[in-house]
Amino acid sequence: MSIILGDKEYFKGIPEIVYEGKESDNPLAFKYYDANKVVAGKSLKEHFRFAIAYWHTFCGTGGDPFGPGTKLFPWDVSNDPMQRAKNKMDAAFEFFTKIGAPYYCFHDFDLVEEADKFSDSEDRLAKITEYAVEKQAASGVKLLWGTANLFSHPRYMNGAATNPDFTVVTRAAAQIKNAIDATIRLGGENYVFWGGREGYMTLLNTDMKSELDHMARFLHLCKDYARGQGFKGNFLIEPKPMEPTKHQYDFDAATVIGFLRQYDLLDDFKLNLEVNHATLAQHTMQHEMQVAANAGALGSMDANRGDYQNGWDTDQFPMNIGELTEMMLVFLEVGGLQGGGVNFDAKTRRNSTDLEDIFLAHIGGMDAFARALLVADQILTNSDYQKLKQKRYQSFSSEQGKAFESGEMDLKALAELGRNTDDLTPSSGKQELFENIINQYI
Ligand code: XLS
Ligand code: NI
Ligand code: NI
């Protein structure tokens, strides 16, 4: 990959980021992410398929409920929205190629601002998509997934696909059709649905059954349309339990899998799991990954982290090696992500205002993932971790245990065995030993 600049260089003085190893003191170098290093049969680059989130990294200026944005991006200055969008895209591809990210992800109106009239927005999106086609071809950077922003505009305040007003549902369809077209035009490998306002604020005014039926119908229509246009990739649902609505319908992995199964969508849809959404649902990310993998639906991942003292989606960059190692154990044990990648749905803090901070944040995130994967691989290949885990279940490999598992034993027979168990000794779960192994290999 070579660095791709537009008319001007936005991240001046920042060279291509290379791997220098953990002895390096260069803040603008990777300490652990050696893209071509092969671990468990694949290069780190292939394992992770890192992607940059357009919305946080190039659109998020740091506004919060208490004050406006703090980051004055040099690509945001033109008065012409199309020119602004092109400048932003130049900056984005400069960033992708300098940091060495093979993928990016976007919402339709991250690429270019929405206009007042639908037809103008459509026109803008089509134009910027053609510009992205050129940028992708010049750089080799690819689109991991596209999506539509069906949650920011006030028209979607009561939801998009689940809106009680059919007119809004039609508007969401018009917008999403264009977002799907843009994703296909750019060779997007997946298409994401995060149900931004698909949920409710109070059940008093909500017909939940109809809203869920409408959401399923809408997803079927999107899938049928995209497949008809030749889209071969995954559709991904991104669970989140709350925020912005009090109760989001796509609460967590288990809820979404139940929904997909109920509405016959599980053949085409997988999950895009996000760390901070898992923790908001009071799960660990490794729990969510395992639930998805059990259903053959671990598609992709939004990488970030929450804050232990706060209960909202803080979208910080990943940095906790202990947690990441536990995630990477599941990742390796289930054979990685199916069709997706690791997208940094994370933002620098409001008071991190240097352009350089965007690099430091992503370098940190990529390094943290790489380090955790290397540790997890060591644990799996050199420690007793898997053996200890298997040992807890070894009694099922007895003849009778196997008969139970394969359904060849009825309750009577099972109970009969249980009658002679007065002297059974429960075995220790050995949690502390498992935890010590993680610490030993870090
Ligand atoms: C918000 C979500 C969002 C999705 C894409 O919490 O994480 O950013 O990833 O719509
Ligand atoms: Ni999020
Ligand atoms: Ni996300």
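Residues numbered from 1 in each chain as written. Chains lettered and ligands numbered in written order. Predicted model: local features only at pLDDT ≥ 70, side-chain atom pairs only at ≥ 80, totals over all residues. Heavy atoms only, no water.

Considerations on a nonpolar patch on the surface
Part 1 of the reasoning: Side chains of Tyr 393, Phe 396, Phe 404, Leu 411, Leu 414 and Leu 417 sit close together on the surface and give an oily, nonpolar patch of about 570 Å² of accessible area.
Part 2 of the reasoning: No other element matches the three residues that helix H15 (residues 411-418) contributes to the nonpolar patch.
Part 3 of the reasoning: Here Tyr 393 shows up in the loop between helix H13 (385-391) and helix H14 (399-405). (Patch = residues over 30% accessible without salt bridge, like charges linked within 9 Å, V, L, I, M, F, W, Y side chains within 5 Å. Areas by Shrake-Rupley, 256 points an atom, 1.4 Å probe, with all protein chains shown as cover. Salt bridge = Lys/Arg side-chain N within 4 Å of Asp/Glu carboxyl O. Helix = DSSP H or I, 4+ residues; strand = E, 2+ residues; numbered from the N terminus.)

Notes on a negative patch on the surface
Part 1 of the reasoning: Negative charge collects at one region of the surface, where Glu 323, Glu 326, Glu 432 and Glu 435 lie side by side.
Part 2 of the reasoning: Counting only elements with at least two residues in the negative patch, the list comes to helix H11 (321-333) and helix H16 (431-441).
Part 3 of the reasoning: Inspection of the secondary structure assignment puts Glu 326 in helix H11. (Lys, Arg positive; Asp, Glu negative; His and termini not counted. Charge placed at Lys NZ, Arg CZ, Asp CG, Glu CD.)

Section: empty space enclosed by the protein
Taking a probe equal in size to a water molecule and rolling it over the atoms shows the remaining empty space.
Part 1 of the reasoning: Evaluated as defined, the whole model comprises four cavities of 30 Å³ or more.
Part 2 of the reasoning: Empty space within the largest cavity amounts to approximately 200 Å³.
Part 3 of the reasoning: Put simply, the parts of the chain that give the lining of the largest cavity at least two residues each are strand E6 (190-194) and helix H7 (208-228).
Part 4 of the reasoning: Here the lining of the largest cavity gets four residues from one element, more than from any other, and that element is E6.
Part 5 of the reasoning: Here the residues of the lining of the largest cavity are counted per class, giving 14 nonpolar, three polar and three charged.
Part 6 of the reasoning: In terms of lining residues, the second largest cavity is bounded by Asp 108, Phe 109, Glu 114, Phe 118, Ser 121, Glu 122, Leu 125, Arg 171, Gln 175 and Asn 178.
Part 7 of the reasoning: Secondary structure elements with two or more residues in the lining of the second largest cavity: helix H4 (108-111), helix H5 (118-139) and helix H6 (166-185).
Part 8 of the reasoning: No other element matches the four residues that H5 contributes to the lining of the second largest cavity.
Part 9 of the reasoning: Taken together, the residues of the lining of the second largest cavity break down into three nonpolar, three polar and four charged. (1 Å grid on protein atoms, 1.4 Å probe; cavity = no way out; pocket = protein on both sides within 12 Å on 5 of 7 lines; lining within 4 Å. Points joined across faces, edges and corners; volume = space filled by probe spheres on them. Nonpolar A, V, L, I, M, F, W, Y, C, P; charged D, E, K, R; others polar.)

Points about the pairing of strand E5 (residues 142-147)
Part 1 of the reasoning: In terms of residue burial, E5 counts as a mostly covered element, since five of its six residues are buried.
Part 2 of the reasoning: Sheet topology note: the strand E4 (residues 103-107)/E5 ladder contains five bridges and is parallel. In the sheet register, Tyr 103 faces E5, and the bridge partner there is Lys 142.
Part 3 of the reasoning: In this structure, E5 lies alongside E6, joined through two bridges in parallel fashion. Counterpart to Gly 146 in the pairing with E6 is Tyr 191.
Part 4 of the reasoning: Read from E5 through H6 to E6, the crossover connection turns out right-handed. (Buried < 20%, exposed > 50% of the residue type's maximum accessible area, 1.4 Å probe, protein only. Pairing = 2+ DSSP bridges. Right-handed = clockwise from strand over helix to strand, strands pointing away.)

Looking at the site of ligand 1
Part 1 of the reasoning: The environment of ligand 1 is formed by Trp 55, His 107, Trp 145, Trp 194, Glu 238, Lys 240, Glu 274, His 277, Asp 302, Asp 313 and Asp 345.
Part 2 of the reasoning: Contact between ligand 1 and His 107: an oxygen atom at 2.6 Å from a side-chain N or O atom of the residue.
Part 3 of the reasoning: Between Glu 274 and ligand 1, the recorded distance is 2.7 Å, taken from a side-chain N or O atom to an oxygen atom.
Part 4 of the reasoning: Relative to its free-state accessible area of 290 Å², ligand 1 is covered by the protein chains to the extent of 93%.
Part 5 of the reasoning: A breakdown of the residues in the shell around ligand 1 according to their chemical character gives three nonpolar, two polar and six charged. (Near = heavy atom within 4 Å. Polar contact = N/O pair within 3.5 Å; in protein donor to acceptor, adjacent residues only side chain to side chain.)

Let's talk about the coordination of the nickel ion (ligand 3)
Part 1 of the reasoning: Around the nickel ion (ligand 3), the donor atoms from the protein are Glu 238 (OE), Glu 274 (OE), Asp 302 (OD) and Asp 345 (OD), and they sit 2.0 to 2.1 Å away.
Part 2 of the reasoning: Coordination at the nickel ion (ligand 3) is octahedral: its six donor atoms span angles of 80 to 176° at the metal.
Part 3 of the reasoning: The motif formed by the donor residues of the nickel ion (ligand 3), counted along the single chain, is E-x35-E-x27-D-x42-D. (Donors = N, O, S within 2.8 Å, 3.2 Å for Na, K, Ca; no water. Tetrahedral: all angles 85-135°; square planar, octahedral: opposite > 155°, others 65-115°.)

Considering the layout of surface pockets
Part 1 of the reasoning: Approximately 1,200 Å³ is the volume attributed to the largest pocket.
Part 2 of the reasoning: Taken together, 47 residues line the largest pocket, and the ones lying closest to its centre are His 56, Gly 63, Asp 313, Asp 315 and Lys 347.
Part 3 of the reasoning: When contributions to the lining of the largest pocket are tallied by element, the ones reaching two or more residues are helix H2 (54-59), E5, E6 and helix H12 (355-382).
Part 4 of the reasoning: Classifying every residue of the lining of the largest pocket by side-chain character gives 14 nonpolar, 17 polar and 16 charged.
Part 5 of the reasoning: As a volume, the second largest pocket reaches approximately 530 Å³.
Part 6 of the reasoning: Lining the second largest pocket are 17 residues; nearest its centre among them are Glu 326, Leu 329, Tyr 385, Lys 389 and Phe 434.
Part 7 of the reasoning: Residue assignment for the lining of the second largest pocket shows that the elements contributing at least two residues are helix H10 (285-294), H11, H13 and H16.
Part 8 of the reasoning: Looking at the lining of the second largest pocket residue by residue, the classes come out as six nonpolar, six polar and five charged.

Structural notes on the coordination of the nickel ion (ligand 2)
Part 1 of the reasoning: Taken together, the protein ligands of the nickel ion (ligand 2) are Glu 274 (OE), His 277 (NE2) and Asp 313 (OD), with distances of 2.1 to 2.7 Å.
Part 2 of the reasoning: Going along the chain, you hit the donors of the nickel ion (ligand 2) in the pattern E-x2-H-x35-D.

Points about the sheet that holds strand E8 (residues 234-238)
Part 1 of the reasoning: Spatially, eight strands are ordered E3-E4-E5-E6-E8-E10-E11-E12 in a closed barrel, and the strand pairing comes out parallel. Averaged over all adjacent pairs, the angle separating strand axes in this sheet is 30°, with direction ignored.
Part 2 of the reasoning: Along the sheet face, H7 touches E6, E8 and strand E10 (269-274) and points at about 155° away from the line of E8. (Axes fitted to C-alpha atoms, helices over the stretch in contact; angles between N-to-C directions. Contact = heavy atoms within 4.5 Å.)

Observations regarding the packing of H6 against H7
Part 1 of the reasoning: Between H6 and H7, the least distance of the axes is 11 Å, while the angle of their chain directions is 35°. Of the two elements, H6 crosses H7, and the hand of that crossing is right-handed. Taken together, the residues of H7 that come into contact with H6 (itself represented by Val 169, Ala 172, Ala 173, Ile 176, Lys 177, Ile 180, Asp 181 and Ile 184) are Phe 218, Cys 222, Tyr 225 and Ala 226. (Left-handed = near helix turned anticlockwise from the far one by under 90°.)

Thoughts on the packing of aromatic side chains
Part 1 of the reasoning: Going through the model one piece at a time under the given rule, you end up with 35 aromatic pairs.
Part 2 of the reasoning: Residues Phe 11 and Trp 75 carry aromatic rings whose centres are separated by 5.7 Å and whose planes lie at 50° to one another, so their mutual orientation is tilted. In this pair, Phe 11 is assigned in the segment before strand E1 (38-39) and Trp 75 in the loop between H2 and helix H3 (81-99), connecting sequence segments 64 residues apart. When sorted by exposure, Phe 11 lands in the same class as Trp 75, which is buried.
Part 3 of the reasoning: Through a chain of ring-to-ring contacts, the aromatic side chains of Tyr 10, Phe 11, Tyr 54, Phe 58, Phe 73, Trp 75, Phe 93, Phe 95, Phe 96, Tyr 104, Phe 106 and Phe 359 assemble into a single cluster.
Part 4 of the reasoning: Lys 86 extends its terminal NZ or CZ atom over the ring of Tyr 131, reaching a point 5.3 Å from the ring centre. (Phe/Tyr/Trp six-rings, centres within 6.5 Å; stacked < 30°, edge-to-face > 60°. Lys NZ or Arg CZ within 6 Å of the ring centre and 35° of its normal.)

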